Amino acid sequence: MVQQDDSRVRRGRKFNQVLAGARTVFLEHGFEGASVDDIARVAGVSKATLYSYFPDKKLLFLEVARAECARQAEEAVQLIDQSAPAAQVLTEAARRIVAFLLSDFSRRVFRICVAESDRFPELGHQFYHSGPQMVRERLVEFLQKAVARGELQIDDLDFAADQFATLCKATLHEQAMFGVCTCAPPPAAEKVVQGAVEMFLARYGTGRIMTDRAPEAAHPDRV
């Protein structure tokens, strides 16, 4: 996994203020079009203050992508009850994946990473490891629990998690990336969600529905 060089980033009282301003400017103008002057102005700080936190613009973009992806991923984890039946958890996870993929932030940052991939390949690495890779890790954690409960039968958890995430990209993600549609109607998004869950369970489901959570309580070593 590619790690950002945190030794070059100083945190302080106006750190989040700088990030908020940078997020706004990067999404509006892209990486190349975003100027340090504009970022400082929108953030309400001096250029000297901005540079004291981030020595260069690339580091600032990496931190914006990392922070936003991490925030959304952790929020999703906190809101999803991973002890619930697999169909319920996967449905909620799919809804959050689809919503993130179609979000303005995700679409714009994805395009920036692709546009700058030749000059700054680490931009794409940072976005992948802060977003899709983190989602993959959280999915694997849940799939392990569902397999242990007998709800799913999976030999390769990493591959299964990748398959599920890919199913959530059906139709709408490509359309959003190419600008065919910028806002999918709820029924279209829900169709993708239900299709992803149904196909995944058809492949890996055992047909066993967990209705009694007592076994979970009986095994405190299961997180």
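No experiment lies behind these values; they were computed from the predicted model shown.

As for the UniProt feature "DNA-binding region" (unreviewed entry) in the protein chain
Here the UniProt-annotated "DNA-binding region" (unreviewed entry) positions come out as residues 35-54. The distance separating the terminal C-alpha atoms of residues 35-54 is 14 Å; by composition the span is 75% helix and 0% strand.

Focus on helix 6 (residues 104-115)
Helix length check: helix 6, at twelve residues, gives a terminal C-alpha distance of 17 Å against a target of 16 Å (1.5 Å per residue), a fit within 8%. For helix 6, the set of buried residues is Phe 105, Ser 106, Arg 107, Val 109, Ile 112 and Cys 113.

Examining unusual backbone geometry
At Thr 171, a position not held by glycine, the phi torsion is positive, near 65°. Relative to the helices and strands, Thr 171 resides in the loop between helix 9 (157-167) and helix 10 (172-177). By relative accessible area, which is 52% here, Thr 171 ends up exposed.

Some remarks on the confidence of the model for the protein chain
Looking at the protein chain, the pLDDT average stands at 82 and 85% of residues meet or exceed 70. Contacts for the low-pLDDT stretch residues 1-5, under 50 throughout, to residues beyond four places or in other chains number ten contacts. Segment residues 211-223: pLDDT under 50, and seven contacts once partners within four positions in sequence are set aside and those in other chains are kept.

Topic: the packing of helix 5 (residues 86-102) against helix 11 (residues 186-204)
Close contact between helix 5 and helix 11 brings their axes to 9 Å; oriented N to C, the two are set at 135°. Here helix 5 is positioned oblique relative to helix 11, judged by the angle of their axes. Our pair here, helix 5 against helix 11, has a crossing hand that is right-handed. Between helix 5 and helix 11, the contacting residues are Ala 87, Leu 90, Thr 91, Ala 94, Arg 95 and Val 98 on the first element and Ala 189, Glu 190, Val 192, Val 193, Gln 194, Val 197, Phe 200 and Leu 201 on the second. Its residues assigned to classes, the contact of helix 5 with helix 11 shows ten nonpolar, two polar and two charged.

With respect to the packing of aromatic side chains
As enumerated under the stated definition, the model contains seven aromatic pairs in all. Ring geometry for Phe 26 versus Phe 31: centroids 6.0 Å apart, planes at 10°, classification stacked. Through a chain of ring-to-ring contacts, three or more aromatic side chains come together here, namely Phe 15, Tyr 53 and Phe 54. The cationic tip of Lys 57 hangs over the ring face of Phe 31; the distance from NZ or CZ to the ring centre is 4.7 Å.

About the criteria used
Residues numbered from 1 in each chain as written. Predicted model: local features only at pLDDT ≥ 70, side-chain atom pairs only at ≥ 80, totals over all residues. Heavy atoms only, no water. UniProt positions renumbered as here; feature names shortened; annotations may be inferred. Helix = DSSP H or I, 4+ residues; strand = E, 2+ residues; numbered from the N terminus. Expected span 1.5 Å × (residues − 1). Buried < 20%, exposed > 50% of the residue type's maximum accessible area, 1.4 Å probe, protein only. pLDDT = per-residue confidence, 0-100. Contact = heavy atoms within 4.5 Å. Axes fitted to C-alpha atoms, helices over the stretch in contact; angles between N-to-C directions. Parallel < 35°, antiparallel > 145°, perpendicular 65-115°, else oblique. Left-handed = near helix turned anticlockwise from the far one by under 90°. Nonpolar A, V, L, I, M, F, W, Y, C, P; charged D, E, K, R; others polar. Phe/Tyr/Trp six-rings, centres within 6.5 Å; stacked < 30°, edge-to-face > 60°. Lys NZ or Arg CZ within 6 Å of the ring centre and 35° of its normal.

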